[in-house]
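For reference, the chains in residue letters:
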Amino acid sequence: MQMFHLFNLLFMRATRSLQLIFTLVGALMLSAQSVAAKPRVVASIQPIHSIASVVMAGVGEPTLLVAGGGSPHDAALRPSQARALAKADVVFWVGPTLESFLVKSLATLGQNAHSAPLIETHGLSLQHMRRGGVWGEGHHHHHADHDAAHEDHDAHDHEAQEHADHDAHDHEAHEHEDHDEHDHKAQEHADPDHAMGAQEGSTGETAAMDPHIWLDPHNGAVMAAHMAAVLGKADPANAALYTENARRFAQNLAQWEAHARTRLAPLRGAPYLVFHDAYHAFEAHFGLTPVGAISISPERRPGAKRLHELRRIVQQRNARCLFSEPQFPSAIAQSVIEGSAARLGVLDPLGAELKPGPDAYLQLLDQLVESLTACLGAEAASH
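Residues numbered from 1 in each chain as written. Predicted model: local features only at pLDDT ≥ 70, side-chain atom pairs only at ≥ 80, totals over all residues. Heavy atoms only, no water.

S.K.: Break down the overall build of the protein for me, citing the residues and quoting the values.
M.R.: Looking only at helices and strands, the protein features 15 helices and eight strands. Counting across all 383 residues of the protein, residues that qualify as buried make up 46%. In the protein, the share of contacts with a sequence separation of at least 24, taken over all contacts with a separation of at least 6, comes to 70%. Carbon and sulfur atoms provide 57% of the accessible area of the protein, an area that totals close to 19,200 Å². (Helix = DSSP H or I, 4+ residues; strand = E, 2+ residues; numbered from the N terminus. Buried < 20%, exposed > 50% of the residue type's maximum accessible area, 1.4 Å probe, protein only. Contact = heavy atoms within 4.5 Å. Areas by Shrake-Rupley, 256 points an atom, 1.4 Å probe, with all protein chains shown as cover.)

Dropping the structure here:
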């Protein structure tokens, strides 16, 4: 009888142990399924990654492809990044006019992911890509689409007149030296890879627009709402959270913008130059007055004639500052302002020194305001 009770006691303990084990295994399986259900998201550049991080707060974190110190114009995927892209459910990027390196990768590694080229987001404020290195001479500098097209036409006529005034030898030198950017763009349009990118990632209309769309805070809010919608479809269980995160982000942006406008208002009308034409969205939004850029395409060095023209503009327009970028050497920028009263500043469109994450986007915009006020404001105080 005693043996029976002992056996029964051992049996009951074993049963409870098995029940506990099955409960733990079930919980682990449910937890694994919950983790697996979270969308695997990849973001191309730091500003886009930051906005995606805000929208995904409380659910997960996106993977960043190009760190702030790198340039999306000439990036290459590391093996770990290629693996992340291959496993991605959603890929947020601007489009082939900016991250051309992603076009082939999305067609191969990321073929199972939902590709979301953000430049096609409805409701964005888009600016035309400007031509030439000198802007705004002979007319007021406007940012509306019609006026931007008018500026392009004037720039084209100005270049045509220059061609007519040069002899054949000078014309040939001019073609090789100062129209490298034009030839480069023509070659891009003839390149099948570029054509494929235009078809797969952007319409003909968006291909002509400035791709640095994140530098307009209005666009930041619009992209966040679009990301929330895309993620909501991929992960319906968290759709409400994504939407709420995007709404709060838009509120924070509105508060930041009100403060930024107060700080930038005294700088309207202050002429300055930039390293490359990356800030049209920011300048249009806040009504700033850039007068030129060293390079339209940051991968191509400007010719001697371009640099001579920029030095003339610095003197004639009394440019207060020339802003270089941390992603590119500043020696050329220094040579343009040499002998003038202009100061050398730094603008960073990507956030080279910022820690990736949800705070990086507003910190990036803050840095732009700080850099502009530090250089242009100091000049204003000295005049």
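S.K.: Just give me the short version of the layout of surface pockets, but keep the residues and values in it.
M.R.: Approximately 150 Å³ is the volume found for the second largest pocket. The wall of the second largest pocket is formed by 13 residues, among which Leu65, Val66, Ala67, Arg78 and Gln81 lie closest to the centre. If you tally residues by element for the lining of the second largest pocket, the top one is strand β2 (residues 63–66), at three residues. For the lining of the second largest pocket, the per-class residue count stands at eight nonpolar, three polar and two charged. (1 Å grid on protein atoms, 1.4 Å probe; cavity = no way out; pocket = protein on both sides within 12 Å on 5 of 7 lines; lining within 4 Å. Points joined across faces, edges and corners; volume = space filled by probe spheres on them. Nonpolar A, V, L, I, M, F, W, Y, C, P; charged D, E, K, R; others polar.)

S.K.: Please provide a residue-by-residue account of the pattern of salt bridges, values included.
M.R.: One pass over the full model with this rule turns up eight salt bridges. Among the ionic pairs, Arg40 bridges to Asp89, the shortest N-O distance being 3.4 Å. With Arg40 in the loop between α1 (2–37) and β1 (41–45) and Asp89 in the loop between α3 (79–87) and β3 (90–93), this pair connects stretches of sequence that are 49 residues apart. Among the residues examined, Asp89 registers a relative accessible area of 27% and is labelled partly exposed. Here Asp277 ties to Arg130 by a salt bridge, and the two come within 2.5 Å at their closest N and O atoms. Highlighted residues: Asp277 in the loop between β5 (271–276) and α12 (280–286) and Arg130 in the loop between β4 (114–117) and α5 (145–165), separated in sequence by 147 residues. Both residues of the pair, Asp277 and Arg130, count as buried. Where salt bridges share partners, they join Arg130, Asp277 and Glu283 into one cluster. (Salt bridge = Lys/Arg side-chain N within 4 Å of Asp/Glu carboxyl O.)

S.K.: Describe the packing of helix α10 (residues 217–234) against helix α11 (residues 239–264), with residues and values.
M.R.: Packing of α10 against α11 leaves a shortest axis separation of 8 Å and a crossing angle of 175°. The orientation of α10 with respect to α11, classified from their angle, is roughly antiparallel. Contact with α10, carried on its side by Pro217, Gly220, Ala221, Ala224, Ala225, Ala228, Leu231 and Gly232, involves Ala239, Tyr242, Thr243, Ala246, Phe249, Ala250, Leu253, Trp256 and Glu257 of α11 and no other residues of that element. Of the residues belonging to the contact of α10 with α11, the class tally is 13 nonpolar, three polar and one charged. (Axes fitted to C-alpha atoms, helices over the stretch in contact; angles between N-to-C directions. Parallel < 35°, antiparallel > 145°, perpendicular 65-115°, else oblique.)

S.K.: Outline the pairing of β4, supporting the account with residue identities and numerical values.
M.R.: Pairing of β3 with β4, which is carried by four bridges, proceeds in the parallel orientation. If you follow Trp93 over to β4, its bridge partner there is Pro117. The parallel pair β3 and β4 is bridged by helix α4 (residues 102–108), and the resulting crossover is right-handed. (Pairing = 2+ DSSP bridges. Right-handed = clockwise from strand over helix to strand, strands pointing away.)

S.K.: Residues and numbers for the pairing of β2, please.
M.R.: Direction of pairing for β1 relative to β2: parallel, over a ladder of three bridges. Each bridged residue has a counterpart across the sheet, and for Ile45 the counterpart in β2 is Val66. In terms of handedness, the path from β1 via helix α2 (residues 46–55) over to β2 forms a crossover that is right-handed.

S.K.: Can you explain empty space enclosed by the protein? Please cite residues and give values.
M.R.: According to the stated counting rule, one finds two cavities of 30 Å³ or more in the structure shown. Counted as a void, the second largest cavity has a volume near 30 Å³. Listed by contribution, the elements that provide at least two residues to the lining of the second largest cavity are α12 and α15 (360–382). When the residues that make up the lining of the second largest cavity are grouped by side-chain class, the tally is six nonpolar, no polar and one charged.

S.K.: I'd like a rundown of the packing of aromatic side chains, residues and numbers included.
M.R.: In this structure the tally under the stated criterion is four aromatic pairs. Here the aromatic rings of Trp256 and Phe286 are separated by 6.1 Å at their centres, their planes lie at 80°, and the arrangement is edge-to-face. Taken as a pair, Trp256 in helix α11 and Phe286 in helix α12 lie far apart in primary sequence, 30 residues in all. We note that Trp256, like Phe286, is buried. Linked through ring pairs, Trp256, Phe282 and Phe286 together constitute an aromatic cluster. Positioned over the ring face of Trp135 is Arg130, at 3.8 Å from the centre of the ring. (Phe/Tyr/Trp six-rings, centres within 6.5 Å; stacked < 30°, edge-to-face > 60°. Lys NZ or Arg CZ within 6 Å of the ring centre and 35° of its normal.)

S.K.: Could you give me a rundown of the nonpolar core, with the residues and numbers involved?
M.R.: Among the nonpolar cores identified, the biggest contains 74 residues, and Ile48, Phe92, Trp214, Leu215, Phe282 and Leu372 are the most heavily contacted of them. Looking at which element gives the most residues to this core, the answer is α15, with eight residues. Each residue touching Leu215, except ones within four places of it in the same chain, is listed here: Ala278, Tyr279, Ala281, Phe282, Pro349, Leu364, Leu365 and Leu368. Of all hydrophobic cores here, the second largest spans 16 residues; its members include Ile313, Leu322, Phe328 and Ala342. (Core = buried A, V, L, I, M, F, W, Y, C linked by side-chain atoms within 4.5 Å.)

S.K.: Please provide a residue-by-residue account of helix α13 (residues 304–316), values included.
M.R.: Over its 13 residues, α13 runs 18 Å from end to end, which matches the ideal 18 Å to within 8%, given 1.5 Å per residue. Every buried residue of α13 is listed here: Arg306, Leu307, Glu309, Leu310, Ile313 and Val314. When α13 is viewed along its axis, its buried side chains cluster within an angular range of 160° and face the same direction. Facing away from the buried side of α13, by more than 90 degrees, are the exposed residues His308 and Gln316. (Expected span 1.5 Å × (residues − 1). Arc of directions from axis to C-beta.)

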